[in-house]
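Structural features, examined
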Amino acid sequence: MNGLALIGTGRMGKLVEELAPAHGFEVVLRLDSTHQEIDNDVVEAVDVAIDFTNAAAVPATVEKLAALGVPLVVGTTGWQDDLDRVRQSIERHHAEGAGLIYGANFSIGVQVFYKLAGAAAALLADETAYEAWVYEIHHSKKKDAPSGTALQIRSVLERGGWDRPVDMASNRAGSIPGTHQVGFDSDADTITLQHTARSRAGFAHGALRAARWMIGRQGFYEFSHVWEEIVGSSRP
């Protein structure tokens, strides 16, 4: 078993801990976003850490773990304004073996959804009769809106060649794990693609697969760029 540190003990942290043994991990350290003292003695048995806390806490968490050479998976969203600061922390501690992978969404299904949305955008990029939208709905406790996944979908459309406006809309209600929809509409027809999460398990499994992939790695990675390699490396 590899040693796993959990940063954040909320619903996602508890789910990651529950699923960790199936991915070959033992949780050896639990920390919250108040940043309890982290030092070499504390992380001695830690091979990798997973963060599901809050956006404001991410930069300080990254800095502390990077200085100790502990690779980190950041599942927290809403901190992208600090992306350069976080990247610089990893680069500054290259000699210590710092490594980080982050993502708007660690669900494998969502990664496939990105591919489909990008392909649709490319096919419709020159079809000026169509207009595009992205819609998402999550549980009422999710603070960032639009979600990181919705923002990533818009980026995917733009990388696919879509250079026209994309209307964005968000809702927060109840206990919904997350639904994302991208659509293209014209006078003649409507095309709709949708991903619906039934539970948070997909996010937790993806984060754990990413954590296994990060062991022994250095550098700064975005999940959507390497997920196929991660999935391939975790197959029997």
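All values derive from a computational prediction rather than experimental measurement.

Reading the values: the criteria
Residues numbered from 1 in each chain as written. Predicted model: local features only at pLDDT ≥ 70, side-chain atom pairs only at ≥ 80, totals over all residues. Heavy atoms only, no water. Helix = DSSP H or I, 4+ residues; strand = E, 2+ residues; numbered from the N terminus. Rg over C-alpha atoms; globule rule 2.2 N^0.38 Å. Buried < 20%, exposed > 50% of the residue type's maximum accessible area, 1.4 Å probe, protein only. Core = buried A, V, L, I, M, F, W, Y, C linked by side-chain atoms within 4.5 Å. Contact = heavy atoms within 4.5 Å. Pairing = 2+ DSSP bridges. Axes fitted to C-alpha atoms, helices over the stretch in contact; angles between N-to-C directions. Expected span 1.5 Å × (residues − 1). Polar contact = N/O pair within 3.5 Å; in protein donor to acceptor, adjacent residues only side chain to side chain.

Assigned secondary structure in the chain consists of seven helices and ten strands. Compactness check: the chain gives a C-alpha radius of gyration of 18 Å against a globular reference of 18 Å for 236 residues, within 12% of the reference. In terms of principal-axis extent, the alpha carbons of the chain reach across some 65 × 40 × 35 Å. Buried positions account for 49% of the 236 residues belonging to the chain.

In this structure, Leu4, Val16, Ile50, Val73, Ile101 and Leu208 are the most contacted members of the largest nonpolar core, which totals 29 residues. Residue assignment for this core shows that the elements contributing at least two residues are strand S1 (2-7), helix H1 (11-19), strand S2 (25-31), strand S3 (48-51), helix H6 (201-214) and helix H7 (223-233). At eight residues, the largest contribution of residues to this core is made by H6. In contact with valine 73, not counting residues within four places along its chain, are Ala49, Ile50, Asp51, Ile101, Phe106, Ala207, Ala210, Ala211 and Met214. Listed in part, the 23 residues of the second largest apolar core include Leu31, Ala49, Val58 and Tyr102.

Strand order in this open sheet of six strands is S2-S1-S3-S4-S5-S10, and the pairing throughout is parallel. Across the chains shown, the open sheet's two edge strands, defined by having one partner strand only, are S2 and strand S10 (219-222). Each neighbouring strand pair of the sheet contributes to a mean axis angle of 20°, computed without reference to strand direction. Of the strand pairs in this sheet, S3 and strand S4 (residues 72-74) are connected by three bridges, and their pairing is parallel. Bridged to aspartate 51 within S4 is valine 74. Of the strands in this sheet, S1, S2 and S3 touch H1, which is tilted by about 170° from S1. Here helix H2 (residues 58-67) sits on the sheet in contact with S1, S3, S4 and strand S5 (99-102), set at roughly 170° to S4.

Below, the discussion takes up helix H4 (residues 108-124). Relative to the 24 Å expected for 17 residues at 1.5 Å per residue, H4 spans 25 Å between its end C-alpha atoms, a close match to the ideal helical length. Among the residues of H4, Val110, Gln111, Phe113, Tyr114, Ala117, Gly118, Ala120, Ala121 and Leu124 are the ones counted as buried. Looking at the buried side of H4, the elements it contacts are helix H5 (148-159), strand S8 (179-185), strand S9 (190-196) and H7. Taking the backbone nitrogen of glycine 109 as reference, a side-chain oxygen 3.2 Å away marks serine 107 as the first, capping residue of H4.

Distances and angles like these do not, on their own, reveal function.
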